[in-house]
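Secondary and tertiary structure notes
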Amino acid sequence: MSPELAPLVLIVDDEPTQRLLTRNYLERSGFRVCEAEDADSADRVVREQVPAAVLLDVVMPGRDGFALCAQWRADPNFRTLPVILVTGLDDTAAVERAFAVQASDFITKPVLWALLPHRLRFVLRSHRMQEELRTAVIEAGVASRAKTAFLANMSHELRTPLNAIIGFSEIMRDEVFGPVGNKRYRDYATDIHDSGAHLLGIVNDILDLVKVETGALTLVESEVSISAIVERALRLVESTAKKRSIAIVQKIPADSPMVFVDERRVAQILVNLMVNAVKFSPEGSSIEVRYDAIGNDAGALVVSDNGPGIPKSELHRVMQPFQQLDGSLARSHDGAGLGIPIAMALARLHGAELIYDTDVGRGTTVRLELPRERFISGPDTALRRAG
């Protein structure tokens, strides 16, 4: 390594002999060296030359090394500067104080000169790896935000033309302004309408996912009964189930409990679960929606189907955005693989949990377990929610 590229190390010590010995060993090991004899001069050197690392003596006139290290850690410009505290103090309290001020390392006098360069290289290598990791995290965050912004912008841009396509195709399908003439045109209009509605559903799902990822989705909470939530969800799924001759068996008690939730979002969770159940269940079969009490003041909404089930090795994929099952289990089902990830995200916003019980050949049961604080079961409910 050329001398100008060698790491610059600042030696801070009030003893000239100690500085001289340290300089000799470090320069022979390929380091560049600068010196300071007290905290104030060391602070000036750090700000002017920005060394790669600092060997900082603890016991000095005026401010000690602990105080100076703490000062640098409080400054954003030097928060990650590698600082090795050097002192004759070898008691446990001194070591604990060194790491309390976030020193990078701690060595004691008398210094083992042969090991010092290696110790310093280790600290520099660790610092470099931390900086690379920090940079990677920042870049990943920037990329994630760019992806999220792109999805949000594209989704908004797609909504306007899609609504026009859906609206005009609906007018043609229903022959609002008179007969179309050829039945094929009406069929084509129906296909256009259905495809547009399907695509709009995917766009809306993407927008929901973006809102959850960016923290922009706010729950609109109110007191509502479990039965009202289920009824709302069933209205949105019944037509899809009828097309495949699948019966939805509802087992919700008439006196179902009241909960404090975002009714639309919990219904959306159920819709996503039921649509998946309908999608993967054999034609002519049935799915079950029920309420299971958990103790005296909590419970779960449960959706069960008689489909092929999900291999335990594949279950994690179902929970990831834009992921779908491979092979025969996926068959010809359409979708973007967003339903379950959105359901899980909405559940988390409520402090709830989606629990899967599934395996190949025995169907799938999904439980939406709402936390106790969501149930309206007494005068202390509001206090429990606030806590």
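Scroll up to find the structure.
Everything numeric here is computed off the predicted structure, so don't read it as measured data.

As a further point, take the overall build of the chain. The helix and strand tally for the chain stands at 11 helices and 13 strands. Relative to the compact-globule value of 21 Å for 387 residues, the chain shows a C-alpha radius of gyration of 33 Å, a clear excess of over 25%. Counting only C-alpha atoms and orienting by the principal axes, one finds that the chain spans roughly 100 × 55 × 40 Å. Evaluated residue by residue, the chain yields a buried proportion of 41% over its 387 residues. Considering only residue pairs separated by 6 or more positions, the chain has 66% of its internal contacts joining residues 24 or more positions apart. In the chain, 44 positive and 52 negative side-chain charges are present, and the distance between their average locations comes to 4 Å.

This paragraph deals with the packing of aromatic side chains. Taken as a whole and judged by the stated rule, the model has one aromatic pair. Centroid distance Y25 to W113: 5.2 Å. Interplanar angle 15°. Geometry classified as stacked. Residue Y25 is located in helix α1 (residues 16–28), and its partner W113 is located in the loop between β5 (105–108) and α5 (116–173); the two are separated by 88 residues in the primary sequence. Accessibility expressed as a relative area gives 17% for W113, which makes it buried. Against the face of Y25 rests R28, its NZ or CZ located 4.7 Å from the ring centre.

Turning our eyes to something else, we now look at a nonpolar patch on the surface. Nonpolar side chains collect at one region of the surface, where F168, I171, M172, V176, F177, V180, Y185 and Y188 lie side by side and expose about 870 Å² of accessible area between them. Within the residue set of the nonpolar patch, elements represented by two or more residues are α5 and α6 (183–214). As for its placement among the helices and strands, V180 is situated in the loop between α5 and α6.

Turning to the pairing of strand β9 (residues 286–293), a few remarks are in order. As paired strands, strand β7 (residues 247–251) and β9 are joined by five bridges and run parallel to one another. Bridging from a neighbouring strand, K251 pairs with R290 of β9. Sheet topology note: the β9/strand β10 (residues 299–305) ladder contains six bridges and is antiparallel. Across the sheet, A293 pairs through a bridge with G299, a residue of β10. What sits between β9 and β10 in their antiparallel hairpin is a turn of five residues, with G295 showing a positive phi close to 70°.

Further remarks concern the sheet that holds strand β6 (residues 222–225). Taken together, three strands build an open sheet; the order of strands is β6-β8-β13 and the sheet is antiparallel. Bordering the open sheet on either side are β6 and β13 (375–376), each of which pairs with just one other strand. As judged from the two bridges shared by strand β8 (residues 258–261) and β13, these two strands associate in the antiparallel manner. Counted as the bridge partner of M258 is I376 from β13. Against the sheet, helix α7 (residues 226–243) engages β6 and β8, with an angle of about 80° to β6.

Ranked by internal contacts, the top residues of the largest apolar core, which has 51 residues, are M274, L301 and L354. At nine residues, helix α8 (residues 263–280) tops the list of elements feeding residues into this core. Not counting chain neighbours up to four residues away, the residues in contact with L354 comprise I269, L273, A343, M344, A347, V366, R367 and L368. Counting residues in each nonpolar core, the second largest holds 26 residues, with A36, V83, A98 and V101 among its members.

Turning next to the pattern of salt bridges. Inspection of the entire model under this criterion finds 23 salt bridges. Put simply, R19 and E35 hold a salt bridge, and the shortest N to O gap is 3.0 Å. Of this pair, R19 sits in helix α1 while E35 sits in strand β2 (residues 32–36), and the two are 16 residues apart along the sequence. Between D187 and K183 there is a salt bridge, with the nearest N and O atoms lying 2.9 Å from each other. Of this pair, D187 and K183 both sit in helix α6, four residues apart, which is roughly one turn of that helix. The network of salt bridges with shared partners includes K251, E288, R290, D292, R367 and E369.

Moving on, we get to the sheet that holds strand β11 (residues 353–358). Taken together, the five strands give an open sheet; going across it, the order is β7-β9-β10-β12-β11, and neighbouring strands pair in mixed fashion. Single-partner strands in this sheet number two, and they are β7 and β11. Within this sheet the neighbouring strands show an average axis-to-axis angle of 15°, counted without direction. Running over the sheet, α7 touches β7, β9, β10 and β12 (364–370) and is turned about 175° from β7. In the packing of helix α10 (residues 339–349) onto the sheet, contacts are made with β11 and β12, and the angle to β11 comes to roughly 135°.

Turning our attention to the packing of helix α2 (residues 39–49) against helix α3 (residues 65–73). Where α2 meets α3, the closest approach of the two axes is 10 Å, and the angle between their N-to-C directions is 30°. Judged by the inter-axis angle, α2 sits roughly parallel to α3. Viewed along their axes, α2 and α3 form a crossing whose handedness is right-handed. Along its contact with α2, which presents A39, A42, D43, V46 and R47, the element α3 presents L68, Q71 and W72. Considered class by class, the residues forming the contact of α2 with α3 number five nonpolar, one polar and two charged.

What counts and how
- The numbering scheme is per chain: residues are counted from 1 as the chain's sequence reads.
- Selection of residues for local features in this predicted model requires a pLDDT of at least 70, selection of side-chain atom pairs for listing and counting requires 80 or more, and totals for whole chains, interfaces and linings are taken over all residues.
- The basis for every side-chain value is the complete set of non-hydrogen atoms in the structure, without hydrogens or water.
- Strands are runs of DSSP state E lasting at least 2 residues, helices are runs of H or I lasting at least 4, and numbering of each runs from the N terminus.
- Only C-alpha atoms enter the radius of gyration; for comparison, a globular chain is expected to reach 2.2 Å times N to the power 0.38, where N is the number of residues.
- Think of it in three bands: residues with accessible area under 20% of the maximum for their type are buried, residues over 50% are exposed, and the middle band is partly exposed, with areas taken using a 1.4 Å probe on protein chains only.
- Pairs of residues are marked as contacts when any of their non-hydrogen atoms sit within 4.5 Å.
- His is not counted here, nor are the chain ends, while Lys and Arg score as positive and Asp and Glu score as negative.
- By convention, charge coordinates are those of NZ in Lys, CZ in Arg, CG in Asp, or CD in Glu.
- Aromatic pairing here means that ring centres of Phe, Tyr or Trp (its six-membered ring) are within 6.5 Å. Orientation follows from the plane angle: under 30 degrees is stacked, over 60 is edge-to-face, and everything else is tilted.
- Distance and angle both matter: a charge sits over a ring if NZ of Lys or CZ of Arg is within 6 Å of the ring centre and within 35 degrees of the ring normal.
- Like-charged residues are merged into a patch within 9 Å and nonpolar side chains (Val, Leu, Ile, Met, Phe, Trp, Tyr) within 5 Å, provided each residue has over 30% relative accessible area and no salt bridge.
- We get accessible surface area from the Shrake-Rupley algorithm with a probe of 1.4 Å; when it comes to residues, only the shown protein chains can shield them.
- Salt bridge, as used here, is a side-chain nitrogen of Lys or Arg placed within 4 Å of a carboxyl oxygen of Asp or Glu.
- Strand pairing is assigned whenever DSSP detects at least two bridges linking the two strands.
- In this description, a line fitted to the C-alpha atoms serves as the axis of each element, helices being fitted only across the stretch in contact, and the angle between N-to-C directions of two axes falls anywhere from 0 to 180 degrees.
- Note on terminology: a nonpolar core comprises buried Ala, Val, Leu, Ile, Met, Phe, Trp, Tyr and Cys residues joined through side-chain atoms within 4.5 Å.
- We call two directions roughly parallel when the angle between them is under 35 degrees, roughly antiparallel when it is over 145, roughly perpendicular when it lies between 65 and 115, and oblique otherwise.
- In this scheme, a crossing is called left-handed if the near helix is turned counterclockwise away from the far one by less than a right angle; it is called right-handed if the turn is clockwise.
- Throughout this entry, Asp, Glu, Lys and Arg are counted as charged residues, while Ala, Val, Leu, Ile, Met, Phe, Trp, Tyr, Cys and Pro are counted as nonpolar. The remaining residues, Gly among them, count as polar.

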